[in-house]
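Commentary on secondary and tertiary structure
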Amino acid sequence: MEIDRPSVADVDAIVDLWVDLADGQRSFGSHLRADANREAIRESLSRRIVAGGCLVAREPELVGFVTFYRESETYERDRTRGIVENLYVVPERRGEGVGTALLRAAESALADGGADVVALEVLADNDRGREFYARRGYDPHRVELERPVERETDTSEGG
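Notes on the structure follow.

Calculation criteria
Residues numbered from 1 in each chain as written. Predicted model: local features only at pLDDT ≥ 70, side-chain atom pairs only at ≥ 80, totals over all residues. Heavy atoms only, no water. Helix = DSSP H or I, 4+ residues; strand = E, 2+ residues; numbered from the N terminus. Polar contact = N/O pair within 3.5 Å; in protein donor to acceptor, adjacent residues only side chain to side chain. Expected span 1.5 Å × (residues − 1). Buried < 20%, exposed > 50% of the residue type's maximum accessible area, 1.4 Å probe, protein only. Contact = heavy atoms within 4.5 Å. Pairing = 2+ DSSP bridges. Right-handed = clockwise from strand over helix to strand, strands pointing away. Axes fitted to C-alpha atoms, helices over the stretch in contact; angles between N-to-C directions. Phe/Tyr/Trp six-rings, centres within 6.5 Å; stacked < 30°, edge-to-face > 60°.

Relative to the assigned elements, S46 resides in helix α2 (residues 38-51). Among the polar contacts made by the side chain of S46, one reaches the main-chain carbonyl oxygen of R42 at a distance of 2.8 Å.

An α-helical turn contains 3.6 residues, so a residue and the one three or four places further along point in the same direction. Helix length check: helix α1 (residues 11-25), at 15 residues, gives a terminal C-alpha distance of 21 Å against a target of 21 Å (1.5 Å per residue), a fit within 8%. Residues of α1 that are buried include every one of V11, I14, V15, L17, W18, V19, L21 and A22, and no others. Buried residues along α1 sit against α2, β2 (54-58), β3 (62-70) and β4 (81-89).

Before going further, it helps to spend a moment on the pairing of strand β5 (residues 117-120). Here four bridges tie β4 to β5, and the two strands are oriented parallel to one another. Of the residues in β5, the one forming a bridge with R81 is V117. With helix α3 (residues 98-112) bridging β4 and the parallel β5, this β-α-β connection has right-handed handedness.

For the rest of this paragraph, the subject is the sheet that holds β4. What the five strands build is an open sheet, ordered β1-β2-β3-β4-β5; its pairing is mixed. Across the chains shown, the open sheet's two edge strands, defined by having one partner strand only, are β1 (2-4) and β5. Going from strand to strand, the sheet's axes swing by 25 degrees on average, the running direction of each strand aside. Relative to the sheet, α2 contacts β2, β3 and β4, its axis offset from that of β3 by approximately 75 degrees.

Attention now moves to the packing of aromatic side chains. This model, assessed by the stated rule, comprises three aromatic pairs. Each ring, one from F65 and one from Y88, has its centre 6.4 Å from the other, and the planes form 50 degrees; the classification is tilted. Taken as a pair, F65 in strand β3 and Y88 in strand β4 lie far apart in primary sequence, 23 residues in all. For the pair formed by F65 and Y88, the shared burial category is buried. Their ring planes at 70 degrees and their centres at 5.8 Å tell us that Y133 and Y138 sit as a pair that is edge-to-face.

Walk down a regular strand and you will see the side chains alternate between the two sheet faces. When you tally the buried positions in β3, you get seven out of nine residues, the bulk of the element. Relative to β3, β2 runs antiparallel, the two being bridged by five bridges. Bridging from a neighbouring strand, L55 pairs with V66 of β3. Hairpin connection between β2 and β3: a loop of three residues separates the two successive antiparallel strands. The sheet contact formed by β3 and β4 spans seven bridges and is antiparallel. Pairing of F65 across the sheet is with Y88, part of β4.

Geometric descriptors of this kind do not, in isolation, establish any biological role.
Spelled out as C-alpha cells, the structure:
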C-alpha cells in the first residue's frame, strides 16, 4: 500500500469514497446527505487536493483517503491546530492499518505545516471510530450537544 498525494484526476474516485463515508455516517446520526452533496464535496475535495490537504491510500486502486487543513488564525490561540476533516477506509480493508497510515501521514503533514496539535470530530454514536482515535492518543477536548427544536403548535382560533 502507498500513501500519496492524489491528482485532480483522482477527484471523482475520492468523491465516491466520500459519498460512501457520508452514507455510512447516517447510521450514527449524521445529518449530511450523502449523494445530494456530491457536487459540493467535489468542489471542496478539488480545493483540498490542489492545496495539498488530501492524501490517498492506493493498491493500486484507492482504498482510503484523508483530508486535513491548518486552522485559520482568526483568533489568537496558544496552539496552532491542524484539523483532520475526513478519514475513510473502504470496509473490506478496515483493521489492516490503512486508517492508521493515513492518519499518521496527515498528522505529519500538519506538523510540517506548523501545527502543534491535531483535532478531529467523530460522531458520538460511532463507538468504533471513537475507539480508533482513542487508541491513537486522541482525547475528548470539546463536546458538542444537540437536540431537536420543538415548535409550539398554535391551537387558538384563527391561528
